[in-house]
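# Reading the structure
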Amino acid sequence: MVPPHRRNTPMTVSPRTLSPLLDLGVSAPVLAAPMAGGPTTPALVTAAARAAGLGFLAGGYRTADALAEQIAQVRSDGVAFGVNLFAPNPVPVDRDAFHRYAGTIQPDAEAHGVDVRAAGIVEDDDHWPDKIDLLLSDPVPVVSFTFGIPEAAVIAALHGAGTLVVQTVTSPAEARQAQETGADLLAVQASAAGGHSGTLTPQHIPEPVPLADLLGQVRRAVTLPLVAAGGVATPADVTGALRAGATAVMVGTVLLRADEAGTSNPHRTALADPARTRTVVTRAFTGRPARALRNDFTDRYTALAPAGYPALHHLTSPMRKAAAAAKDPERINLWAGTGYRHATAEPTAQILQRLASGL
């Protein structure tokens, strides 16, 4: 698809640097990361495109029908965009550990009228086949994958549909695997990133390698273009990532308070709360490593939570929804990267343009 004329275009970088994103009309190397669970909205994705970047709809935790509705909404705006999916890479939970953990967190769930003690273990695939069918029958410009690497046949089918494929990686070994499987670009995610780590081995907490160092390691391992992610929150972070070998950067945490974001009110408030001075990597909410603002729930349960995704996600989801509705920030997942202090309440375009201002 041919994107419309770009408005409010920030300073651009050389065409050679941005290839193959140029074919999508991207002229600024600051992309909007997909943030599942509500923060990424069609309006945010459209705003990123109109700022000369690219946004990704977050397909995680959505049915294929719900994702199709969001795709149609962005497509009607006449902009290029991407879609992100969670590729299946389950971490089966130990049954006894699961029920023990459910009993342990029951007092917090009970505070909002939720009983988790009788919860069953749900080990689903997040509607994976239906979403792949959707993206093959109604192709989009870009598809990115997180958590796992799809089979080569899936990537080949997407290529056949005219779709560019981006794979999230967190190490040189993962990067080599993604290149061998057929990915076109790699989203290189450092441990400073907010929300879930894209690691292919979620049983282990990723090493805290600085983004520039990780880019150098991956650059030596593969020949694919790299998109840097994790802790990118200032113009200096952007220029530093590009100097370290990235084609572009992808930002999420700095957009959590954007006007177009669907972030819950307690999450927005917590991001701006000067009393919140630290992020932690925790399995407490979902059974998979994820970086969040520290709160009472992470303090109590990070050391107790078993590995087990998506089982723990489904276990805590009713409590988190009830807590968000009650504006209780102590029992929700306040996903945030290390640059959360730079999240501002203003239009997405202004945030992205400021980040690109040092180019």
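To keep things clear, this report deals only with the structure shown in the data block. (Residues numbered from 1 in each chain as written. Predicted model: local features only at pLDDT ≥ 70, side-chain atom pairs only at ≥ 80, totals over all residues. Heavy atoms only, no water.)

## Observations concerning the overall build of the protein chain
When helices and strands are counted, the protein chain shows 13 helices and 11 strands. Radius of gyration (C-alpha) of the protein chain: 19 Å, near the 21 Å computed for a compact globule of 359 residues. Across its three principal directions, the C-alpha atoms of the protein chain cover 55 × 45 × 40 Å. A burial count over the protein chain gives 56% of its 359 residues as buried. Across the protein chain, contacts joining residues at least 24 apart in sequence account for 67% of those joining residues at least 6 apart. Roughly 13900 Å² of accessible area belongs to the protein chain as shown, and the carbon and sulfur atoms make up 51% of that amount. Across the protein chain, the 29 positively charged side chains and the 31 negatively charged ones have centroids separated by 7 Å. (Helix = DSSP H or I, 4+ residues; strand = E, 2+ residues; numbered from the N terminus. Rg over C-alpha atoms; globule rule 2.2 N^0.38 Å. Buried < 20%, exposed > 50% of the residue type's maximum accessible area, 1.4 Å probe, protein only. Contact = heavy atoms within 4.5 Å. Areas by Shrake-Rupley, 256 points an atom, 1.4 Å probe, with all protein chains shown as cover. Lys, Arg positive; Asp, Glu negative; His and termini not counted. Charge placed at Lys NZ, Arg CZ, Asp CG, Glu CD.)

## Description of the side chain of Asn-333
With respect to the element layout, Asn-333 can be found in the loop between α12 (311-325) and α13 (348-355). A distance of 3.2 Å separates polar atoms of two side chains, one belonging to Asn-333 and the other to Arg-320. The contact partners of Asn-333, leaving out residues within four places of it in the chain, are His-267, Phe-285 and Arg-320. (Polar contact = N/O pair within 3.5 Å; in protein donor to acceptor, adjacent residues only side chain to side chain.)

## Quick word on the sheet that holds strand β1 (residues 30-32)
Strand order in this open sheet of eight strands is β1-β9-β8-β6-β5-β4-β3-β2, and the pairing throughout is parallel. In this open sheet, the two strands that pair with only one neighbour each are β1 and β2 (56-58). Taking the axes of each pair of neighbouring strands and ignoring which way they run, one obtains an average angle of 30° across the sheet. Where β1 meets strand β9 (residues 248-251), three bridges bridge the pair, whose relative direction is parallel. Considered in β9, the bridge of Ala-32 is made with Val-251. Lying on the sheet, helix α7 (residues 172-181) is in contact with β5 (164-169) and β6 (185-189); it crosses β5 at an angle near 160°. (Pairing = 2+ DSSP bridges. Axes fitted to C-alpha atoms, helices over the stretch in contact; angles between N-to-C directions.)

## Describing unusual backbone geometry
Here Tyr-309 and Pro-310 are connected by a cis peptide whose omega angle stands at 15°. Tracing the chain through its elements places Pro-310 in the loop between α11 (296-301) and α12. Positioned with a positive phi, His-127 is a non-glycine residue whose angle comes to about 60°. Mapped onto the elements of the fold, His-127 is located in the loop between α4 (95-110) and α5 (128-137). Residue Lys-327 is not a glycine yet carries a positive backbone phi of 60°. With respect to the helices and strands, Lys-327 occurs in the loop between α12 and α13. Of the residues examined, Lys-327 reaches a relative accessible area of 56% and is grouped as exposed.

## So, the nonpolar core
Leu-186, Val-251 and Leu-255 are the most contacted members of the largest nonpolar core, which totals 49 residues. If sequence neighbours within four positions are ignored, Leu-255 has contacts with Ala-32, Met-35, Leu-44, Ala-261, Thr-348, Ile-351 and Leu-352. One finds Leu-85, Trp-128, Leu-135 and Phe-145 within the second-largest nonpolar core, a separate group that totals 22 residues. (Core = buried A, V, L, I, M, F, W, Y, C linked by side-chain atoms within 4.5 Å.)

## Comments concerning the packing of α4 against α12
Closest axis-to-axis distance for the α4/α12 pair is 11 Å, and the angle between their directions is 15°. Viewed along their axes, α4 and α12 adopt a mutual orientation that is roughly parallel. Helix-helix and strand crossings are classified by hand; for α4 and α12 the assignment is right-handed. Residues Phe-98, Tyr-101, Ala-102, Ile-105, Asp-108 and Ala-109 of α4 pack against Ala-311, Leu-312, Leu-315, Thr-316 and Met-319 of α12. In terms of residue class, the contact of α4 with α12 is built from nine nonpolar, one polar and one charged. (Parallel < 35°, antiparallel > 145°, perpendicular 65-115°, else oblique. Left-handed = near helix turned anticlockwise from the far one by under 90°. Nonpolar A, V, L, I, M, F, W, Y, C, P; charged D, E, K, R; others polar.)

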